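Each chain is listed here by its residues.
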Amino acid sequence: MEYEEKTGRAHKPLSPKQNVRKNLDFEPLSTTALILEDRPANLPAKPAEEAQKHRQQYEEMVVQAKKRELKEAQKRKKQLEERCKLEDSIGNAVLTWNNEILPNWETMCCSRKVRELWWQGIPPSVRGKVWSLAIGNELNITHELYDICLARAKEKWRSLSTGGAEVECEDAGFSAADREASLELIKLDISRTFPSLCIFQQGGPYHDTLHSILGAYTCYRPDVGYVQGMSFIAAVLILNLDTADAFIAFSNLLNKPCQMAFFRVDHGLMLTYFAAFEVFFEENLPKLFAHFKKNNLTPDIYLIDWIFTLYSKSLPLDLACRVWDVFCRDGEEFLFRTALGILKLFEDILTKMDFIHIAQFLTKLPEDLPSEEFFTSIAAIQMQSRNKKWAQILAALQKDNREMEKGSPSLKR
């Protein structure tokens, strides 16, 4: 009464409609609930059968909505459990790498336990250290040598930007025009390196670092210079290592036979790698191999980009890093095994495509590749043909090529 006096509103009895709502054990939350309401007074009342039917329909809607909510809650719970499990697994792996493997690298790196851990993916916090050890430093590059190469690169950039005299560097015999073209290509490529991350582009936190490593490398190896695709390799290393260590790993990585063959565009050796790849392609995926042959689809069409960037441009970054993990363990063979794994994963789709669509598909792979399914596909690839492994097949092909170059009859494979 006190409230009514203050507001000046008298209490009114509930209407029949309000009584209906009051007697319900729930309050309608959406327009779907209106099917339970009586029709307006100026319209004929609902027949009892229709009202019962509407009530059943609404109850069914409520049941389905609750089922969906329960299903989504279970899905969220499962995702949370999997995430916690993954975090625990990574945490345990970090302890194993830091406390057991890295301190005893020379004796443990080739053990079965470490190889299995390697396949599962190296934890990001120790990835850079493991990569450095696995790649090695056969070139004996020091931090001081990196500083010297970087200083020369900066001097060269200043000279080119001011149009001054040619810099006395280790690139004697290379024209200023060549060096300027290389510098422009570096600038262009950096802008296209992992653009979605926005960290390597102008103004980004790693722009100068990437520019420095690539510039220093052109002074360290003027005979190779800068080749399109190098920026992706350097960028992945920068994300996992300090600058000087990234340069050391970068230079040693590019010095490996396969990378050097591609970056120096050694056509003869590149064709030998493609031929070796096709031996295992036919062995593992004969149906798809025949389809590619029928459509005149040669390996260079899709392999060159994959090998040049070590899959860092073609695959999602986290997946590419896992490929790098095993590549550091198994060497160049794994790059070609990964290619066959990709072809196997999409074999059913590719066998239905023509030349143009296959080339387009392999040039731009789907972005939502499931990592476990992807690595299961790679694991199914056997890198052995007629009891010969990758290195043996490649060596035999190289020997055949040398014999042919000398004019001798080709040896039987």
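Please read all numbers here as calculations on a predicted model, not as lab measurements.

Visitor: Describe helix H9 (residues 207–220), naming the residues involved and giving the relevant values.
Guide: Counted at 1.5 Å a residue, the expected span for H9 with its 14 residues is 20 Å, and the 20 Å between its end C-alpha atoms agrees. For H9, the tally of buried residues reaches 13 of 14 residues, placing the bulk of the element in the interior.

Visitor: Pulling in residues and values, what's your account of the side chain of Thr338?
Guide: Tracing the backbone through its elements, the reader meets Thr338 in helix H17 (residues 332–345). Not counting residues within four places of it along the chain, the set of residues in contact with Thr338 comprises Tyr311, Val323, Phe374 and Ile378.

Visitor: So what about the pattern of salt bridges? Which residues, and what values?
Guide: Tallying each qualifying case throughout the model produces 12 salt bridges. The salt bridge involving Glu100 is made with Lys113; its shortest N-O contact spans 2.9 Å. Of this pair, Glu100 sits in helix H3 (residues 48–101) while Lys113 sits in helix H5 (residues 112–120), and the two are 13 residues apart along the sequence. The class for Lys113 is partly exposed, based on a relative accessible area of 42%. Between Arg192 and Asp189 there is a salt bridge, with its nearest N and O atoms 2.9 Å apart.

Visitor: Please set out the nonpolar core residue by residue, giving values where relevant.
Guide: Ranked by size, the top nonpolar core spans 109 residues in total, and within it Trp97, Leu343 and Leu362 carry the most contacts. Counting residues in hydrophobic clusters, the runner-up holds five residues, among them Trp157, Leu160, Leu183 and Cys219.

Visitor: Break down unusual backbone geometry for me, with residues and values.
Guide: A negative phi angle is the norm for most residues apart from glycine, just as the trans form is the norm for most peptide bonds. For Val265, which is not glycine, the phi dihedral falls at a positive 50°. With respect to the element layout, Val265 can be found in the loop between helix H12 (257–263) and helix H13 (267–284). Phi angles above zero are rare outside glycine, and Asn387 is one such case at about 65°. Among the secondary structure elements, Asn387 is positioned in the loop between strand S1 (384–385) and strand S2 (388–389). Given a relative accessible area of 67%, Asn387 falls into the exposed group.

Visitor: Just give me the short version of the confidence of the model for the chain, but keep the residues and values in it.
Guide: A low pLDDT means the predicted coordinates there should not be read in detail. The pLDDT averaged across the chain works out to 85; a share of 83% of its residues lies at or above 70. Of all secondary-structure elements in the chain, the lowest mean pLDDT belongs to helix H1 (residues 2–7), at 46, while helix H11 (residues 243–254) reaches the highest, 98. Counting interchain partners and residues more than four positions distant, the pLDDT-below-50 stretch residues 1–11 has three contacts. A low-confidence stretch, residues 165–172 stays under pLDDT 50, and its non-local contacts, those more than four residues away or across chains, total 16 contacts.

The rules we used
- Residues numbered from 1 in each chain as written.
- Predicted model: local features only at pLDDT ≥ 70, side-chain atom pairs only at ≥ 80, totals over all residues.
- Heavy atoms only, no water.
- Helix = DSSP H or I, 4+ residues; strand = E, 2+ residues; numbered from the N terminus.
- Expected span 1.5 Å × (residues − 1).
- Buried < 20%, exposed > 50% of the residue type's maximum accessible area, 1.4 Å probe, protein only.
- Contact = heavy atoms within 4.5 Å.
- Salt bridge = Lys/Arg side-chain N within 4 Å of Asp/Glu carboxyl O.
- Core = buried A, V, L, I, M, F, W, Y, C linked by side-chain atoms within 4.5 Å.
- pLDDT = per-residue confidence, 0-100.

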